Structures are given as C-alpha cells and as structure tokens.
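Here's the letter readout for the chains.
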Amino acid sequence: MALAIFDLDETLIHGDCATLWSEQMGRLGWVDPESFMRRNNELMDAYSHGKLRMEDYMDFSLEPLIGRTPEEVEHLVGPWVEDFIEPIIFSDATKTIAAHRKAGDRILVISASGTHLVKPIADRLGIDEVLGIELEVAHGVYSGRTVGTLTYREGKITRLLEWLDAEEENLEGASFYSDSRNDLPLLLKVDYPHVVNPDPVLLAEAEKSGWPIHLWK
C-alpha cells in the first residue's frame, strides 16, 4: 500500500476554497464583501506568484471567525460545500481517487487551507485523512489564531513527516498531485510527482523533469 497525496485547491476542485468561503462570509454578513474580497484577492495574487506569507493570509481570513464556535461554523460550512464546492469538483479528480482506492493506496489530502474547510470538502470526496492549517479554539470559540506548523510550502513536508511518523507510514512509492509552484518542495520529495493544470513555473519544472502533466476537467 502506497500513499496517494492530493493538494486541494485548483487540484481537486476548480477554485480556491478559502476565497470561495470569503465570498460566503460576505453573503452571511460577517464581513463587508467589497473591501474584504479586495484584500483577499491581493493576498491570493501574492500566493499565485509564490510571494505570500501564509501567516498574513490566515490572520486576515480568520478574523471573522473570532468568537464563533466550531459548531456554528461547521453548521454553515456544510451547506456551502454542497452548493458551491460540489459543482466544481473535477470529475477527473474523482476518477483518479477511485483508481488509487482500487489499487489499495492510502489517500491523503494536504492543503494550505484551514481544516474547517478542508475536512468537510474531503468528506464529500470520500477521503477521511487530511492535513490542513489547524485553527486554535480557546474557551470554546475560535481565537483567530492558528496552531502548529502551517501546511504551506516546506511546512507541508514538516507536517507530512510528523504524520508519517505518527502513523508508522513512509513515502515509498508515494504519489503527490498539485497545481502550484508552492508545492514544488513536496513534489520533489515523492517518488511519483504529478502536476495538475499547473501554473507556468510548475509547468516548466514538470517539462524539464519529465513529470506527468494532467489537464483535469
């Protein structure tokens, strides 16, 4: 049994779940939609160019959750996943997940988004195991802070190695699927890197290295 590891945003789904949730928070009246999305898009543009400090994005995006209980947020995320995420799941992604499952591989989603979004989305894909950015809960409510190493760039490797140790697993024969230059550190770490609808920097690396390039729909 080998690991089949998947990035989430723009890999399994045609979009960025954190940005889509930011739009939802505007619809819920938790933020001013115009100014919040303007700042969100500025930060996501930095991400797409490999220049984002993930700490800055999390400080910004978690502020509307401060003082809310995980149960309150979970209650609202569920219908949002059904309405806004399910329609943008790549059918090719579900086929690939099914093929790995048939082969007996262990499937893991590792994402630079918060686990309050990653877990319910992975659930809809039939994936139980996820690594994402963990949110701090203090006195029963979200504090707006994160816990532990952020699953971003090299942080994905750190968290994955911790998970492998805890699960008594290893990376022998592992595959990893991603769209983003930000995941190059982990793509270089696995035996079978796959790029999905890659950004220009990742496409160039894949072509140079002879990695499989998938155009998922």
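Above this note sits the structure.
Quick caveat: nothing in here was measured; it's all calculated off a predicted structure.

*Asks:* Please give an account of the overall build of the chain that cites residues and values.
*Replies:* Tallying secondary structure elements over the chain gives 9 helices and 7 strands in all. For 217 residues, the compact-globule estimate of 2.2 N^0.38 gives 17 Å, and the chain sits close to it at 17 Å. A principal-axis box enclosing the C-alpha atoms of the chain has dimensions of 45 × 35 × 30 Å. Here the chain, with 217 residues, has 53% of them falling under the buried criterion. Long-range contacts, defined as pairs at least 24 residues apart, comprise 60% of the intrachain contacts of the chain with a sequence gap of at least 6. Working note: accessible area of the chain is about 10,300 Å², and carbon and sulfur atoms make up 49% of it. Charge centroids of the chain, computed over 20 positive and 39 negative side chains, lie 3 Å from each other.

*Asks:* So, the packing of helix α2 (residues 33-48) against helix α3 (residues 54-62): which residues are in play, and what are the values?
*Replies:* Contact geometry of α2 with α3 gives a least axis separation of 10 Å together with a crossing angle of 160°. The angle between α2 and α3 places the two elements in the roughly antiparallel class. Relative to α3, α2 is oriented so that their crossing is left-handed. Every residue of α3 that contacts α2 at F36, R39, N40, L43, M44 and Y47 is listed here: M54, Y57, F60 and S61. Among the residues making up the contact of α2 with α3, the classes are represented as 7 nonpolar, 2 polar and 1 charged.

*Asks:* Any details on the environment of I97? Residues and values, ideally.
*Replies:* By secondary structure assignment, the location of I97 is in helix α5 (residues 91-102). Among the residues examined, I97 registers a relative accessible area of 1% and is labelled buried. In the structure, I97 is positioned 63 residues away from E34 in sequence and 37 Å away in space, judged by C-alpha atoms.

*Asks:* Help me get a handle on the pairing of strand β3 (residues 129-138), residues and values and all.
*Replies:* As defined by bridge partners, strand β2 (residues 106-114) adjoins β3 across 4 bridges and the pair is classed as parallel. Looking at the pairing, L108 lines up with E129 of β3. Regarding the hand of the β-α-β motif, the stretch spanning β2, helix α6 (residues 115-124) and β3 is right-handed. In this structure, β3 lies alongside strand β4 (residues 141-147), joined through 4 bridges in antiparallel fashion. Counterpart to E134 in the pairing with β4 is V147.

*Asks:* I'd love a proper account of the sheet that holds β3, names of residues and values included.
*Replies:* Taken together, the 7 strands give an open sheet; going across it, the order is β4-β3-β2-β1-β5-β6-β7, and neighbouring strands pair in mixed fashion. Each edge of the sheet is formed by a strand with only one pairing partner; in this case those strands are β4 and β7 (213-214). Contacting β1 (3-6), β2 and β3, helix α7 (residues 154-167) runs over the sheet at an angle of about 140° to β2.

*Asks:* With reference to specific residues and values, describe the pattern of salt bridges.
*Replies:* In total, this model carries 16 salt bridges according to the counting rule given. With its nearest N and O atoms 2.6 Å apart, the salt bridge here joins E129 to R106. Taken as a pair, E129 in strand β3 and R106 in strand β2 lie far apart in primary sequence, 23 residues in all. Classification of E129 by relative accessible area gives partly exposed; the value is 21%.

*Asks:* Residue-level account of the nonpolar core, with values.
*Replies:* The nonpolar side chains of a soluble globular protein tend to be buried with one another. Membership of the largest hydrophobic core comes to 50 residues, with the highest contact counts inside it found for L12, W21, M54, Y57, L65 and W80. Look past the residues within four positions of L65 in its chain and what remains in contact with it is W21, M25, W30, V73, H116, L135 and Y142. Core analysis: the next-biggest nonpolar cluster, separate from the first, contains 20 residues, L164, L171, A206 and W211 among them.

*Asks:* Can you lay out the side chain of S22 for me, pointing to particular residues and giving the numbers?
*Replies:* With respect to the secondary-structure elements, S22 resides in helix α1 (residues 17-27). Excluding anything up to four places from it in sequence, S22 contacts V31, F36, M37, N40 and Y57.

*Asks:* Mind laying out the pairing of strand β5 (residues 175-178), listing which residues take part and the relevant values?
*Replies:* Here β5 shows two buried faces, one formed by S175 and Y177 and the other by F176 and S178. In the sheet, β1 pairs with β5 via 3 bridges, with the strands oriented parallel. Bridge assignment links A4 to a residue of β5, and that residue is S175. Relative to strand β6 (residues 192-196), β5 runs parallel, the two sharing 4 bridges. Within β6, the position partnered with Y177 by the bridge is H194.

Rules of the game
Residues numbered from 1 in each chain as written. Predicted model: local features only at pLDDT ≥ 70, side-chain atom pairs only at ≥ 80, totals over all residues. Heavy atoms only, no water. Helix = DSSP H or I, 4+ residues; strand = E, 2+ residues; numbered from the N terminus. Rg over C-alpha atoms; globule rule 2.2 N^0.38 Å. Buried < 20%, exposed > 50% of the residue type's maximum accessible area, 1.4 Å probe, protein only. Contact = heavy atoms within 4.5 Å. Areas by Shrake-Rupley, 256 points an atom, 1.4 Å probe, with all protein chains shown as cover. Lys, Arg positive; Asp, Glu negative; His and termini not counted. Charge placed at Lys NZ, Arg CZ, Asp CG, Glu CD. Axes fitted to C-alpha atoms, helices over the stretch in contact; angles between N-to-C directions. Parallel < 35°, antiparallel > 145°, perpendicular 65-115°, else oblique. Left-handed = near helix turned anticlockwise from the far one by under 90°. Nonpolar A, V, L, I, M, F, W, Y, C, P; charged D, E, K, R; others polar. Pairing = 2+ DSSP bridges. Right-handed = clockwise from strand over helix to strand, strands pointing away. Salt bridge = Lys/Arg side-chain N within 4 Å of Asp/Glu carboxyl O. Core = buried A, V, L, I, M, F, W, Y, C linked by side-chain atoms within 4.5 Å.

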